[in-house]
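Close look at the chain arrangement
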Amino acid sequence: MDGRVSFLCPKVSNQAGILYVVATPIGNLDDLSPRAARVLGEVDLIAAEDTRHSRRLLGHIGVSKPMLALHEHNESAAAERVLAALRGGGDVALVSDAGTPLISDPGFPLVRACRAHGLRVSPIPGPCALVAALSVSGLPTDHFRFEGFPPRSSAARRSRFEMLVDDPATLVFYESSHRVLDSLADMAGVFGATRPAALARELTKRYETILHGTLGELAARLAADPDQQRGEFVLVVAGCPAAAGDEALPEEVRRLLAVLMAELPLKQAAAIAAAWSGLKKNLLYKTMLAMQEDEQSD
Ligand code: SAM
């Protein structure tokens, strides 16, 4: 197999193989990149989350390869087999059912093991639902926090959301059709019904829908229309509105912040300003972040 994927990563004889982490479509098969198709056609082995599912994709591009199941219930054992194949000089592609492996999908133990053993890992980038949803959400993308799937039980979910309530970064969640309504209701309860959000459903597929509105509006919209509860979802939620506290700050505090942040790290500046003004450190810190962003965008 040496040299067969040389257009990607040059390899010389007797070297270990390369693990390619290959992104596959999240709905629309045309989103498989030509490079991903080439790699899948040239590796010696494909490790797939669900071999039956991935065989359909391979059939679509006319590829037939030895496959190995690597899913959350057998990751360690399957990773050992992949390592053995790589050590023997074979190249391996890792794919999941959809999108980018390791992003709320199996593969982390394998990649970590490859790194630990000095084996080469190379990404073949492509579709990822979180990035696709974020890019069309209309919410800030300069800082975001990917949270994967919220916990299943409402109590655990709400306490997870409580931990995020002050986070100024845009929040991104995956959710299934079974829980999207409950998750939205809990988000509206914890983050506030007026927090802006976007709900990306069935991206790249026939019924792709991107809804914008407040959490309260989105929850009501979905509750009223069972069709909108079908499919796969990414929930994008605006970060904590630091600007609200910011506006309420007295001008003299803002002037002090401007002076301190010019001279000191923000954390230190926030601590000094909090001691002087009696205001919360967190609020002052966020205000300075917002001021910095305003300066940069001017
Ligand atoms: N690795 C994948 C990726 O790169 O996006 C994510 C896998 S995770 C097991 C599956 C979840 O991703 C779904 O439950 C849904 O939240 C989100 N997702 C995947 N495809 C999607 C799509 N076409 N539209 C909206 N969300 C999608």
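Structure's up top.
Below or above, wherever it landed, is the structure these notes cover. These figures come from a predicted structure and were not determined experimentally. (Residues numbered from 1 in each chain as written. Predicted model: local features only at pLDDT ≥ 70, side-chain atom pairs only at ≥ 80, totals over all residues. Heavy atoms only, no water.)

1. Describing the overall build of the protein
Assigned secondary structure in the protein consists of 12 helices and 10 strands. Looking at the protein as a whole, 45% of its 298 residues qualify as buried. Considering only contacts within the protein whose residues lie at least 6 apart along the sequence, 68% involve residues at least 24 apart. As presented, the protein carries roughly 15,000 Å² of accessible surface, and 52% of it is formed by carbon and sulfur atoms. Here the protein holds 31 positive side-chain charges and 36 negative ones, and the gap between their average locations is 7 Å. (Helix = DSSP H or I, 4+ residues; strand = E, 2+ residues; numbered from the N terminus. Buried < 20%, exposed > 50% of the residue type's maximum accessible area, 1.4 Å probe, protein only. Contact = heavy atoms within 4.5 Å. Areas by Shrake-Rupley, 256 points an atom, 1.4 Å probe, with all protein chains shown as cover. Lys, Arg positive; Asp, Glu negative; His and termini not counted. Charge placed at Lys NZ, Arg CZ, Asp CG, Glu CD.)

2. Points about the sheet that holds strand β6 (residues 144–146)
On the basis of which strands lie adjacent, the open sheet formed by 5 strands has the order β6-β7-β10-β8-β9 and mixed pairing. With partners counted over all chains shown, the strands left at the sheet margins are β6 and β9 (209–214), one partner each. Here the average twist between neighbouring strands, direction ignored, is 20°. One ladder, built from 6 bridges, connects strand β8 (residues 196–201) with β9; its direction is antiparallel. Residue pairing in the sheet places Ala 200 in a bridge with Ile 210 of β9. (Pairing = 2+ DSSP bridges. Axes fitted to C-alpha atoms, helices over the stretch in contact; angles between N-to-C directions.)

3. Comments concerning the site of the ligand
By nearness alone, 19 residues border the ligand, and Thr 100, Asp 105, Ala 129, Tyr 174 and Phe 233 come closest of all. Between Ile 103 and the ligand, the recorded distance is 2.9 Å, taken from a backbone N or O atom to a nitrogen atom. At 2.7 Å, a side-chain N or O of Asp 105 approaches a nitrogen atom of the ligand. For the ligand, whose accessible area on its own is 580 Å², the fraction buried by protein is 92%. If you list the elements that add at least two residues to the shell around the ligand, you get β7 (170–175) and β10 (233–237). Counting residues domain by domain, the shell around the ligand receives three or more from each of domain 1 (18–127) and domain 2 (130–237). (Near = heavy atom within 4 Å. Polar contact = N/O pair within 3.5 Å; in protein donor to acceptor, adjacent residues only side chain to side chain. Domains from an automatic or database assignment.)

4. Section: the environment of Ala 85
By secondary structure assignment, the location of Ala 85 is in helix α3 (residues 75–87). For the pair Ala 85 and Glu 72, spaced 13 residues apart in sequence, the C-alpha separation works out to 20 Å. Excluding residues that lie within four positions of it along the chain, Ala 85 makes contacts with Leu 45, Gly 90 and Val 92.

5. A few points about the packing of helix α6 (residues 154–164) against helix α7 (residues 180–191)
Think of two packed helices as two axes; the pair is described by the angle between the axes and how far apart they sit. Relative orientation of the contacting elements α6 and α7 amounts to 40°, with a least axis distance of 9 Å. Here α6 lies oblique to α7, going by the angle between them. Crossing geometry of α6 relative to α7 is assigned as right-handed. Here α6 contributes Ser 154, Arg 157, Arg 158, Phe 161, Glu 162 and Leu 164 to the contact with α7, which in turn contributes Asp 182, Ser 183, Asp 186, Met 187, Gly 189, Val 190 and Phe 191. A per-class count over the contact of α6 with α7 returns 5 nonpolar, 3 polar and 5 charged. (Parallel < 35°, antiparallel > 145°, perpendicular 65-115°, else oblique. Left-handed = near helix turned anticlockwise from the far one by under 90°. Nonpolar A, V, L, I, M, F, W, Y, C, P; charged D, E, K, R; others polar.)

6. Re the pattern of salt bridges
Under the counting rule described, the total for this entry stands at 9 salt bridges. One salt bridge connects Lys 205 with Glu 202, and the closest N-O pair in it is separated by 3.2 Å. Residues Asp 227 and Arg 230 are paired through a salt bridge, measuring 2.6 Å at the closest nitrogen-oxygen approach. Each of Arg 145, Glu 147, Arg 160 and Asp 167 takes part in salt bridges that share partners, so that together they form one network. (Salt bridge = Lys/Arg side-chain N within 4 Å of Asp/Glu carboxyl O.)

7. Observations concerning the packing of aromatic side chains
For the coordinates displayed, the defined rule picks out 4 aromatic pairs. When the ring of Phe 146 is compared with that of Tyr 174, the centres are 4.9 Å apart and the planes differ by 70°; the resulting orientation is edge-to-face. Taken together, the residues span a long stretch of sequence, with Phe 146 in strand β6 and Tyr 174 in strand β7 at a distance of 28 residues. For Phe 146, a relative accessible area of 28% puts it in the partly exposed group. Plain terms: the ring middles of Phe 149 and Tyr 174 are 5.8 Å apart, the flat faces sit at 65° to each other, and that makes the pair edge-to-face. Linking Phe 149 in the loop between β6 and α6 with Tyr 174 in strand β7, this pair joins segments that are 25 residues apart in sequence. For Tyr 174, a relative accessible area of 9% translates into the label buried. Clustering of aromatic rings is evident, with ring pairs tying together Phe 146, Phe 149 and Tyr 174. (Phe/Tyr/Trp six-rings, centres within 6.5 Å; stacked < 30°, edge-to-face > 60°.)

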